[in-house]
Amino acid sequence: MSEQNILEVQGLKMYFDVSPPFVTRLLNRMPKQVLKAVDGLSFSIERGKTFSLVGESGCGKSTVARAVAGLYTPTGGDIIIDGQNLATAKDRSKITDISRQMQMIFQSPYASLDPRWRVRDIIAEPIRAFKLAANKEDEWRQVEQLLVQVGLSASDGEKYPHEFSGGQRQRISIARALSSKPEFLICDEPTSALDVSVQAQILNLMTALQDELGLTYLFISHDLAVIDHMSDWIGVMYLGRVCEITPKSELFSNPRHPYTRLLLEAIPDLKGRSHRKPLKGEVPNPITPPSGCTFHPRCPYANERCKQEQPVLGEYGPSQVACHAVEEFRI
Amino acid sequence: MAVIDISNISIEFPTRRGVLTAVENLSLSIEAGEILGVVGESGAGKSLTGNAIVGLLEPPGHVTAGTILLNGRDITHLPESEMRKIRGAKIGVIFQDPLTSLDPLYTIGRQLTQTILTHKKMSHAEAKARAIELLNEVGIPAPEQRFDAFPHEFSGGMRQRVVIALALCCDPCLIIADEPTTALDVSVQAQIIDLLKNLSREKGVATMLVTHDMGVIAEAADRVAVIYSGRLAEIGDVRSVIDAPKHPYTRGLMDSIPQIGQNLKTLPNIIGAMPRLDARPEGCAFNPRCAKSKSICRQQTAPLIETGSDGQWAACWAYEGGNKYV
Ligand SMILES: Nc1ncnc2c1ncn2[C@@H]1O[C@H](COP(=O)(O)OP(=O)(O)OP(=O)(O)O)[C@@H](O)[C@H]1O
Ligand SMILES: Nc1ncnc2c1ncn2[C@@H]1O[C@H](COP(=O)(O)OP(=O)(O)OP(=O)(O)O)[C@@H](O)[C@H]1O
Ligand code: SF4
Ligand SMILES: [Mg+2]
Ligand SMILES: [Mg+2]
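What you are looking at is a predicted structure, and each value in this text was computed from that prediction instead of being measured.

A. Fine view of the site of ligand 1. All names here are of chain A. Within the structure, ligand 1 sits among 15 residues, and S57, G58, K61, S62 and T63 are positioned closest to it. Here G58 contributes a backbone N or O atom positioned 2.8 Å from an oxygen atom of ligand 1. In this structure, K61 approaches ligand 1 through a side-chain N or O atom, which is 2.8 Å from an oxygen atom. Look at ligand 1: alone it shows 630 Å² of surface, and the protein chains cover 66% of it. Elements with a contribution of two residues or more to the shell around ligand 1: β2 (34-46) and α2 (61-68). Counting residues per element, the shell around ligand 1 draws most heavily on α2, which supplies three residues. Counted by class, the shell around ligand 1 contains seven nonpolar, five polar and three charged residues.

B. Broad picture of the environment of V226 of chain A. Within the element layout of this structure, V226 of chain A appears in helix α8 (residues 224-230). Along the chain, V226 of chain A and G83 of chain A lie 143 residues apart, while their C-alpha atoms are 30 Å from each other. Leaving out residues up to four positions away in the same chain, V226 of chain A has contacts with Q199, L203, F219 and S221 of chain A together with P258 of chain B.

C. Molecular detail of helix α6 (residues 166-178) of chain A. Residues and elements named next belong to chain A. Counted at 1.5 Å a residue, the expected span for α6 with its 13 residues is 18 Å, and the 18 Å between its end C-alpha atoms agrees. For α6, a buried count of 11 out of 13 residues is recorded, marking the element as mostly surrounded by other parts of the structure. Within α6, burial applies to G166, G167, R169, Q170, R171, I172, S173, I174, A175, A177 and L178.

D. A look at the site of ligand 2. All names here are of chain B. Ligand 2 sits among 13 residues. The nearest are S42, G43, K46, S47 and L48. Contacts to ligand 2 include S42, whose side-chain N or O atom sits 2.5 Å from an oxygen atom. Within the backbone of G45, a nitrogen or oxygen atom sits 2.9 Å from an oxygen atom of ligand 2. Elements with a minimum of two residues in the shell around ligand 2: β2 (18-30) and α1 (46-53). For the shell around ligand 2, the element with the most residues is α1, which contributes three residues. Classifying every residue of the shell around ligand 2 gives six nonpolar, four polar and three charged.

E. Structural context of unusual backbone geometry. Cis geometry marks the peptide bond from P59 of chain B to P60 of chain B, where omega comes out at 10 degrees. Positionally, P60 of chain B belongs in the loop between α1 and β4 (62-70). At F329 of chain A, a position not held by glycine, the phi torsion is positive, near 55 degrees. Take F329 of chain A: it is sitting in the segment after α12 (324-327).

F. Summary view of the nonpolar core. Residue and element names in this part refer to chain B. Ranked by internal contacts, the top residues of the largest apolar core, which has 101 residues, are I91, L174 and M214. With eight residues, the top contributor of residues to this core is helix α7 (residues 156-168). Both of domain 1 (4-221) and domain 2 (225-250 + 295-326) provide at least three residues apiece to this core. Ignoring anything within four residues of it in the chain, the contact list for I91 reads I53, V54, L70, I86, P172, L174 and I176.

G. Broad picture of the sheet that holds strand β11 (residues 305-306) of chain B. All names here are of chain B. Taking strand neighbours across the sheet as the criterion, the eight strands line up as β6-β7-β8-β3-β9-β10-β12-β11 in an open arrangement whose pairing is mixed. Whereas interior strands pair on both sides, the edge strands pair on one side only; in this sheet they are β6 (91-94) and β11. By the bridge criterion, four bridges tie β6 to strand β7 (residues 174-178) in an arrangement that is parallel. Residue pairing across strands places V93 opposite I176, the latter belonging to β7. The strands touched by α7 are β6 and β7; relative to β6, the strand with the most contacts, the crossing angle is about 165 degrees. Relative to the sheet, helix α8 (residues 186-203) contacts β3 (35-39), β6, β7 and β8 (206-210), its axis offset from that of β3 by approximately 140 degrees.

How each quantity is defined
Residues numbered from 1 in each chain as written. Chains lettered and ligands numbered in written order. Predicted model: local features only at pLDDT ≥ 70, side-chain atom pairs only at ≥ 80, totals over all residues. Heavy atoms only, no water. Near = heavy atom within 4 Å. Polar contact = N/O pair within 3.5 Å; in protein donor to acceptor, adjacent residues only side chain to side chain. Areas by Shrake-Rupley, 256 points an atom, 1.4 Å probe, with all protein chains shown as cover. Helix = DSSP H or I, 4+ residues; strand = E, 2+ residues; numbered from the N terminus. Nonpolar A, V, L, I, M, F, W, Y, C, P; charged D, E, K, R; others polar. Contact = heavy atoms within 4.5 Å. Expected span 1.5 Å × (residues − 1). Buried < 20%, exposed > 50% of the residue type's maximum accessible area, 1.4 Å probe, protein only. Core = buried A, V, L, I, M, F, W, Y, C linked by side-chain atoms within 4.5 Å. Domains from an automatic or database assignment. Pairing = 2+ DSSP bridges. Axes fitted to C-alpha atoms, helices over the stretch in contact; angles between N-to-C directions.

Quick look at the structure:
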């Protein structure tokens, strides 16, 4: 593991059993059904940088986030945080330390805050859980400081979540996530539920906090303009796998994977009238994914090999790409 | 004559703490073949405006002032029985979540033929043929084979296409599409937008496209209306509003949208938040957040004022000298 990397994910697999109930299966002679939400995914994140995952709905972004956050036990693969393998770590104190360093911010600022708690208690919860305050006074002082840090006022701590707007609630979630003094934040669509004007405020807050505290972000969004604004590195996902990992500048100027190219062409932009080409077809059913390269049914460059053989990530300049056509210099 | 012509409507909700004016003095119209985009922050009143047109305001909400004309006919206060006929025959409605418009217990085919049969005099076989034609039109591959499928057997994008097919059953002259692509991926979104555009271009349908996605507006709409705190802030040709927004709110909104390749360290953003409807400030509702605010802004609501010769109007005192909309 390289010193610079705060996180390394290697061959991560997350399978879900989505079989019908046992009796139904028996009666209809149905086999077990397994949904491979994440199927052999590797990437790493450098300390202090933002790595983003992008891809269509259902490609497995949130599942990766939840596995990294320790909310799921992976079916396979390794998640190494600060040199500690989350999958094999036995030492409880090590795991506690890892979970303190790592916090998650969710898409919905409504669902993630307990409506019965005062804001100050919501924010103080991780401080208590990890015993980070010397006494009550110290705890309140930390909470007040966090509220101010995310652009709220100290007196807001007395209120309840329903008294706040969506953007303010997301600020509260961020304050809570920051309260255990993490180095690494996992942000799953943190602004998708917010209006654009509010989104700008939250994104600015996240960038400022990163500068101030040296945070590392695993950032998830389906909005490529937001991805462009926030990221240093980007992983493009398709059906549980990563098809391209690339520095931000390359993604937009020199996309290599056919899916990445089509994704970029499909974004509406403010300038023009309809030069975008709709991506044909839809994301296949993940329970019965296509053979070979799972993108082949929608890919304009697919050939016989693509239908049979799954491509693996290869290095092309600063990027990593999993595509036969790229490997064969066909594109 | 415009297909739909709303003038000076207000929508109110009586509440325990007094009357809440959710939409105030709002006017807009849509011509045949035109797509009017409606944008605004969550809670601004976009859906209420759409729902008022189709008579689907949830009580106790109701239209307290102004008129809604459909092809010249006043439909503002029609009884529900009359309104239901109009909804089926003239107006197609598409909501964000396709599942709210589809019955999970019936096949796609049955829902389509039933809808056609309630509004058109034709045999069952003819209705089925028409339904298949519609499914084909909205881009469902192999519609004959999918005819007996249930909604849950379709993906989100396909379901939304079925909803559009349902909305088209009776050749509507007006489509109200409330966030039709918000739940869908960019790839599928582009297909649905194309479909809506074709309907207005080829069949002359007037479309009200409610969305908070400016990219979708830029691509699909001919004109755009910007709503802020229940009032029309700006309306005009889509290129003028996007490239040269006149209302300070629209300007702030446009600036805060990240764009690819922009490379800004921080995004420009409007300070503060849209006021709650029960705590709208005196005068222009945007004044506490506006850098240009002057004393009249804090006293009187700004009328819609023409800001250029190209039919761009803004409700902002900065254009005080211009033509006012009455
Ligand atoms: N707990 C679970 N049980 C069964 N299937 C699941 C579970 N969680 C996720 N899935 C499935 O795994 C796949 C990936 O889901 P995931 O939520 O990670 O996608 P996503 O990329 O985050 O999509 P979105 O952009 O819609 O949030 C989907 O097909 C989903 O239905
Ligand atoms: N039944 C009701 N009683 C009281 N107020 C209501 C009711 N329905 C809607 N409102 C208020 O009217 C305002 C406008 O609502 P509307 O649904 O039109 O917003 P919108 O612009 O469509 O927002 P969104 O983008 O979130 O869909 C909201 O602030 C809402 O609180
Ligand atoms: S491997 Fe083949 S099918 Fe897959 S993206 Fe590359 S060219 Fe297309
Ligand atoms: Mg997700
Ligand atoms: Mg709405």
